[in-house]
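# Topology and contacts: notes
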Amino acid sequence: QVQLVESGGGLVQAGGSLRLSCAASGRTFGAYAKAWFRQAPGKEREFVGAIDWSGDSTHYADSVKGRFSISRDKGENTVSLQMNSLEPEDTAVYYCAAALYGASSNEGTDAYQYWGQGTQVTVSS
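The structure contained in this document is the topic of the report that follows. (Residues numbered from 1 in each chain as written. Predicted model: local features only at pLDDT ≥ 70, side-chain atom pairs only at ≥ 80, totals over all residues. Heavy atoms only, no water.)

As enumerated under the stated definition, the model contains six aromatic pairs in all. Among the aromatic side chains, those forming a connected cluster through ring pairs are Phe37, Phe47, Tyr112 and Trp115. Just above the ring of Tyr95 sits the side chain of Arg45; from NZ or CZ to the centre is 3.7 Å. A cation over a ring is seen here: Arg45 above Trp115, with NZ or CZ 5.0 Å from the ring centre. (Phe/Tyr/Trp six-rings, centres within 6.5 Å; stacked < 30°, edge-to-face > 60°. Lys NZ or Arg CZ within 6 Å of the ring centre and 35° of its normal.)

So, on to the sheet that holds strand 1 (residues 2-7). Read across the open sheet, the four strands follow the order 1-3-8-7; overall the sheet is antiparallel. In this open sheet, the two strands that pair with only one neighbour each are strand 1 and strand 7 (68-72). Direction aside, neighbouring strands of the sheet carry axes that sit 15° apart on average. Examined bridge by bridge, strand 3 (residues 18-26) and strand 8 (residues 78-83) share six bridges and lie antiparallel to one another. Among the inter-strand pairings, Leu18 is bridged to a residue of strand 8, identified as Met83. (Pairing = 2+ DSSP bridges. Helix = DSSP H or I, 4+ residues; strand = E, 2+ residues; numbered from the N terminus. Axes fitted to C-alpha atoms, helices over the stretch in contact; angles between N-to-C directions.)

Here we take up the pattern of salt bridges. Side-chain pairs of opposite charge can arise whenever the charged atoms involved come near each other. Applying the stated criterion to the full structure yields five salt bridges. Note that Asp90 is salt-bridged to Arg38, the shortest N-O span being 2.9 Å. Highlighted residues: Asp90 in the loop between strand 8 and strand 9 (92-100) and Arg38 in strand 4 (residues 32-39), separated in sequence by 52 residues. When its relative accessible area of 1% is taken as the criterion, Asp90 is described as buried. A salt bridge links Asp62 to Lys65; the shortest N-O distance between them is 3.1 Å. (Salt bridge = Lys/Arg side-chain N within 4 Å of Asp/Glu carboxyl O. Buried < 20%, exposed > 50% of the residue type's maximum accessible area, 1.4 Å probe, protein only.)

Here you go:
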């Protein structure tokens, strides 16, 4: 069992930056691919980006490529999402997810076994 807790959400003006963190507890987090998804009101949950279980590969949605980046700490228990040049369209609840020995290219929610509760990101224009 893996428990995930997100933090770092908040209100920011367009063009600003935020850094989200996802802390894991339970089983060894290093064996898991870690991903970020987001869900805006009235919309389906969508893939944002992921880092594979080895930490060697990352993959991003086209909508955030070049603005967002994912990294993990050396202890592999925390994964972060650095969000730059934020736009009002980035407003959503952001979720951390984990998949055992997953690939960074997995964009479907079904590929991930564990989910956090989410953190709200609001970008004002």
